[in-house]
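Close look at the chain arrangement
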Amino acid sequence: MTQGSVLELIRQIENESCVLTKPERALLITDGSVTRLLEAFINAPIGVRTVQQNIVPASEKIAEYLEILPGEDVNFREVYLYNKNNDRLLIHAISYAPLKHLPPGAMTRLMNEDEPIGVIMRDEKMESRREILSIQKSLFPSECQIPNKKTRHCLSRSYRIIHNSRPIFYIEEQIPSPLFIEDSTVRVVTPSRLHIGLLDMNGCGGRVDGGAGITLKYPGFIFEISESDTFSLTSQEPGVSHQVQPILEKLIFNGLSIPPVHIHIQQFIPFHSGLGSGTQAALGIAAGIGAFTEQSMSADDLIAISGRGGTSGIGTRAFFMGGFIVDAGHRFGPGRKKDSFAPSALSSGAGPAPLVGRYDIPNDWNFVLAIPEGLSEIHGQFEHDVFQTFCPVPQHEVQILSHILLMKLIPSVVEEDLEQFGEAINEFQNYGFKKCELSLQPPVIREIMDAMIDAGAAGAGMSSFGPVVYGVCDSHTNAIRSAAQKIMNQENGGRTICTKGNNNGAEIERNGYKLQINH
């Protein structure tokens, strides 16, 4: 096929469907290395992931393309080219290579390593040219992994690589469309958080709330937002989209304008478990829509739209910056930002709490989470009633918690002193509002905490209202998980997770490119 014929086919595709981007046109027309082109377009290294590879007899069609006899042995390989920085699949390809035409070194590398064909040929000093055979737009093959839930079509081409005047490869490539259209897909990965406890739920000093928390790498929400003719919300796990729907409606009520998009929830944080699912879902969707529509929204804008952070600022700060976080709560009293004790979901008018400190969580600290099944969820009106019933807490217990926070928790993180950090977590469970939160849970929560400590955790606590229990350690993770699982199995069951601290907060990508999140 001549260069003119290739250009004519591209014009035909554009006349029948849509104008192609410059990268798409380049990938279809190139007679050089596809890998090098991809690296230039996305500014990231390209990897090869082999799906299958076998020695097979050549069919009549393949034999004709490779100029060999039908039935002769050829190496068949199916691969994906992907972005090594974020694992995003870019191009699906299959290739056939006649064994008798390939140099021994090239054949060995082709069969034993995940390497691009162009790299192998370059290293083996194999001069070659590419002969394009066909170009078309079609439905994406059903057996292929589609990198975007909304992608259904692909640009495909077939070509031969000629070396020493004979074909040594026949290749078919599928390029998902739209792959390179700007601003077509946004991906948001949120952290979760452990809320160690509210600090001052007495208020006699003119402030309330305040507290400390830990940002976690996992579990987290993963939202994929893509173009659509109409709005839709779906989820990988049944029922998750139903749980997120009220959060979405509140965002719209608070002023978030959502265009016709498809929001797919690929991964989620267990709801009403003490891991901050509501805050992360609200901020994740709001930030994702902002990135999709190129709205410049500050952290304060997003927090206001989310309606979160009116009591604890840990979840909102965790989203934007990660780490171990301490906030100073809100002014309290008649005419102040808050004049009553209430949870964040009912305190949106209070605004974000001022940040007192943010510190990196040591990389070698592990957090073992135990998530019991079958326990009462504390949220909504019940949560509000709890604040009204238990507050104000005794002033002297607020003073004890303040001392633990200032003289144990914060310095233990700064000095990476796991032993003292564990002691502080243990002590925090016995005072103030945290003691009230624990009193609402059945004895199994305390039993899980004790079992974790006995198995080697430096400390253990309950996050927020629970029921999630966490243990912190730098070793013995399997023993701690087993001990917690054993207790849960004696009740209604549950599961454990081992995770690490997150020192960066949420991540947002648009078409594979990471975006900066405004603090």
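Residues numbered from 1 in each chain as written. Predicted model: local features only at pLDDT ≥ 70, side-chain atom pairs only at ≥ 80, totals over all residues. Heavy atoms only, no water.

Since there are 3.6 residues in each turn of an α-helix, residues three or four apart along the chain are aligned in direction. Inspection of helix H11 (residues 380-390) places Glu383, Val386 and Phe387 among the buried residues, and these make up the whole buried set. What you see down the axis of H11 is that its buried residues fit within an arc of 95 degrees, all on one side. H11 presents Gln381 and Thr389 as exposed residues on the side facing more than 90 degrees away from its buried surface. Looking at the packing, one finds that the buried side of H11 touches strand E8 (192-200) and helix H14 (432-439). (Buried < 20%, exposed > 50% of the residue type's maximum accessible area, 1.4 Å probe, protein only. Helix = DSSP H or I, 4+ residues; strand = E, 2+ residues; numbered from the N terminus. Arc of directions from axis to C-beta. Contact = heavy atoms within 4.5 Å.)

Attention shifts here to a negative patch on the surface. Together, Glu447, Asp450, Asp454 and Glu491 give the surface a local cluster of negative charge. Within the secondary structure, Asp450 sits in helix H15 (residues 443-454). (Patch = residues over 30% accessible without salt bridge, like charges linked within 9 Å, V, L, I, M, F, W, Y side chains within 5 Å. Areas by Shrake-Rupley, 256 points an atom, 1.4 Å probe, with all protein chains shown as cover. Salt bridge = Lys/Arg side-chain N within 4 Å of Asp/Glu carboxyl O. Lys, Arg positive; Asp, Glu negative; His and termini not counted. Charge placed at Lys NZ, Arg CZ, Asp CG, Glu CD.)

Phe324 and Phe421 are the most contacted members of the largest nonpolar core, which totals 65 residues. The leading source of residues in this core is helix H8 (residues 277-292), at nine residues. In contact with Phe324, other than residues within four places in its own chain, are Ile196, Ala212, Gly213, Ile214, Gly357, Arg358, Tyr359, Ile361, Leu409, Ile410, Val413 and Phe421. Within the second largest apolar cluster, 36 residues are counted, among which are Ile13, Ile29, Ala44 and Ile91. (Core = buried A, V, L, I, M, F, W, Y, C linked by side-chain atoms within 4.5 Å.)

All right, on to empty space enclosed by the protein then. Applying the stated rule across the entire model yields four cavities of 30 Å³ or more. Put simply, the largest cavity is a space of about 220 Å³. Every residue lining the largest cavity is counted, 18 residues in all, and those nearest its centre are Leu81, Ile117, Tyr159, Ile171 and Glu173. If you list the elements that add at least two residues to the lining of the largest cavity, you get helix H3 (34-42), strand E2 (73-83), strand E3 (89-98), helix H6 (117-123) and strand E6 (166-177). Its residues assigned to classes, the lining of the largest cavity shows ten nonpolar, four polar and four charged. (1 Å grid on protein atoms, 1.4 Å probe; cavity = no way out; pocket = protein on both sides within 12 Å on 5 of 7 lines; lining within 4 Å. Points joined across faces, edges and corners; volume = space filled by probe spheres on them. Nonpolar A, V, L, I, M, F, W, Y, C, P; charged D, E, K, R; others polar.)

Turning next to the sheet that holds strand E11 (residues 232-235). An order of E11-E12-E10-E7-E20-E21 is seen for the six strands of this open sheet, with the pairing classed as mixed. Of all strands in the sheet, those with a lone pairing partner are E11 and strand E21 (513-515), marking the two edges. Going from strand to strand, the sheet's axes swing by 20 degrees on average, the running direction of each strand aside. Direction of pairing for strand E7 (residues 185-189) relative to strand E10 (residues 222-227): antiparallel, over a ladder of five bridges. Residue Val188 lies in a different strand from E10, and its bridge partner there is Phe223. Across the face of the sheet, H8 comes into contact with E7, E10, strand E12 (261-267), strand E20 (507-510) and E21 while running at roughly 30 degrees to E10. (Pairing = 2+ DSSP bridges. Axes fitted to C-alpha atoms, helices over the stretch in contact; angles between N-to-C directions.)

All right, on to the packing of aromatic side chains then. In the structure shown here, the tally under the stated rule is 14 aromatic pairs. A centroid spacing of 4.8 Å and a plane angle of 45 degrees characterise the contact between Trp365 and Phe421, whose relative ring orientation is tilted. One end of the pair, Trp365, is in the loop between strand E15 (355-359) and strand E16 (366-372); the other, Phe421, is in helix H13 (residues 418-428), and 56 residues separate them in sequence. We classify Trp365 as buried; its relative accessible area is 2%. Using a relative accessible area of 1% as the deciding quantity, one classes Phe421 as buried. Pairwise contacts between aromatic rings join Tyr65, Phe76, Tyr96 and Tyr170 into one cluster. Sitting above the plane of the Tyr82 ring, Arg49 keeps its charged end 4.2 Å from the centroid. (Phe/Tyr/Trp six-rings, centres within 6.5 Å; stacked < 30°, edge-to-face > 60°. Lys NZ or Arg CZ within 6 Å of the ring centre and 35° of its normal.)

A word on unusual backbone geometry. Residues Tyr218 and Pro219 are joined by a peptide bond in cis, for which omega reads 0 degrees. Structurally, the position occupied by Pro219 is in the loop between strand E9 (207-216) and E10. The linkage connecting Cys391 with the following residue, Pro392, adopts the cis geometry, with an omega of 5 degrees. Of note, Pro392 is situated in the loop between H11 and helix H12 (395-414). One non-glycine residue, Asn43, adopts positive backbone phi at about 55 degrees. Its location among the elements puts Asn43 in the loop between H3 and strand E1 (46-57). We classify Asn43 as exposed; its relative accessible area is 67%. Phi angles above zero are rare outside glycine, and His476 is one such case at about 60 degrees.

Our next topic: the pattern of salt bridges. Taken as a whole and judged by the stated rule, the model has 19 salt bridges. Between Arg109 and Asp123 there is a salt bridge; the shortest N-O distance is 2.8 Å. Of this pair, Arg109 sits in helix H5 (residues 104-112) while Asp123 sits in helix H6, and the two are 14 residues apart along the sequence. Overall, the relative accessible area of 15% leaves Arg109 in the buried class. Several salt bridges converge on common partners, so that one network encompasses Arg109, Glu115, Arg122, Asp123 and Glu124.

In spatial order, the strands read E17-E18-E16-E19; together these four strands make up an open sheet with antiparallel pairing. Of all the strands in the sheet, the pair left with one neighbour each is strand E17 (459-462) and strand E19 (494-500). Neighbouring strand axes in the sheet, compared pairwise and without regard to direction, differ in orientation by 20 degrees on average. Bridge analysis of E17 against strand E18 (residues 469-473) gives four bridges, and the strand direction is antiparallel. The partner of Ala460 across the bridge, within E18, is Gly471. Helix-sheet contacts for H13 involve E16, E17 and E18, and the interaxial angle to E17 is about 35 degrees.

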